Amino acid sequence: MSSIPRSALILGLAGLIPFLWGAITVLQPSLADWTIRSIGPRFSGPYVMLFYGAIILAFMSGVLWGFATKLEGTQASAGYALSVIPALWAFFTTGGGPSSAGISLMAGFIGLLGLDWLFWRYGVAPGWWMYLRVPLTAIALACLAVGVFA
């Protein structure tokens, strides 16, 4: 992980806070109650993970779009088309209840990791990209699993 730029690593890890908080509040009902009273139910339990997870998939679509700008010809066209999939996935699959939305987000993050790998393999993502994305995705998936299965 030493080749990952420090700012990217710190911000990537900070981006896990809503997932971690959501999982903790699922596992600690008293903390969930405090969160609901203090800042509202949207920031507790699976709900914070669902809202935030959909936002992150949309954000990552933008990152992939940026990678696609480095491609040319038909590869660029494919890259642009593939880059919008995470945002569309979040938009179309997270409208159900918390369990189905959580499972959909988990599938979305697994698919996103595949797209990350593809753009990395094409050489348009930084060399350190997968060293950052794999652990971040694993932690996000573990937190979402707590929201779905705990």
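My aim in this report is to walk through the structure given alongside it, one point at a time. (Residues numbered from 1 in each chain as written. Predicted model: local features only at pLDDT ≥ 70, side-chain atom pairs only at ≥ 80, totals over all residues. Heavy atoms only, no water.)

Two elements in contact, helix 4 (residues 45-68) and helix 8 (residues 129-149), have axes separated by 10 Å at closest approach and are oriented at 155°. Considering the angle they form, helix 4 stands roughly antiparallel to helix 8. The way helix 4 lies across helix 8 gives a crossing that is left-handed. The residues of helix 8 that touch helix 4, namely those facing P46, M49, M60, V63 and F67, are W129, R133, C143, L144 and G147. (Axes fitted to C-alpha atoms, helices over the stretch in contact; angles between N-to-C directions. Helix = DSSP H or I, 4+ residues; strand = E, 2+ residues; numbered from the N terminus. Parallel < 35°, antiparallel > 145°, perpendicular 65-115°, else oblique. Left-handed = near helix turned anticlockwise from the far one by under 90°. Contact = heavy atoms within 4.5 Å.)

All right, on to a nonpolar patch on the surface then. A cluster of nonpolar side chains, W65, V84, I85, L88, W89, F91 and F92, forms an exposed patch at the surface whose accessible area comes to about 750 Å². The leading source of residues in the nonpolar patch is helix 6 (residues 85-93), at 5 residues. With respect to the secondary-structure elements, I85 resides in helix 6. (Patch = residues over 30% accessible without salt bridge, like charges linked within 9 Å, V, L, I, M, F, W, Y side chains within 5 Å. Areas by Shrake-Rupley, 256 points an atom, 1.4 Å probe, with all protein chains shown as cover. Salt bridge = Lys/Arg side-chain N within 4 Å of Asp/Glu carboxyl O.)

If you walk through the whole model with that rule in mind, you get 1 cavity of 30 Å³ or more. Each pocket or cavity is described by its volume, and for the largest cavity that value is around 40 Å³. In terms of lining, the largest cavity is formed by P46, M49, L50, P98, G102, L144, G147 and V148. For the lining of the largest cavity, the secondary-structure elements that each account for two or more residues are helix 4, helix 7 (98-121) and helix 8. Considering only residue class, the lining of the largest cavity consists of 6 nonpolar, 2 polar and no charged. (1 Å grid on protein atoms, 1.4 Å probe; cavity = no way out; pocket = protein on both sides within 12 Å on 5 of 7 lines; lining within 4 Å. Points joined across faces, edges and corners; volume = space filled by probe spheres on them. Nonpolar A, V, L, I, M, F, W, Y, C, P; charged D, E, K, R; others polar.)

Right, let's get into the pattern of salt bridges. What the rule picks out here adds up to 1 salt bridge. Its salt-bridge partner being D116, residue R133 comes within 2.7 Å of it at the nearest N-O pair. Pair noted here: R133 is in helix 8 and D116 is in helix 7, with a separation of 17 residues, a long-range link. Each member of the pair R133 and D116 is classed as buried. (Buried < 20%, exposed > 50% of the residue type's maximum accessible area, 1.4 Å probe, protein only.)

Attention shifts here to the layout of surface pockets. Roughly 370 Å³ of internal volume is contained in the largest pocket. Together, 18 residues line the largest pocket, and G12, F59, M60, R133 and L136 are the ones closest to its centre. For the lining of the largest pocket, the secondary structure elements donating two or more residues are helix 1 (6-14), helix 4 and helix 8. A breakdown of the residues in the lining of the largest pocket according to their chemical character gives 14 nonpolar, 3 polar and 1 charged.

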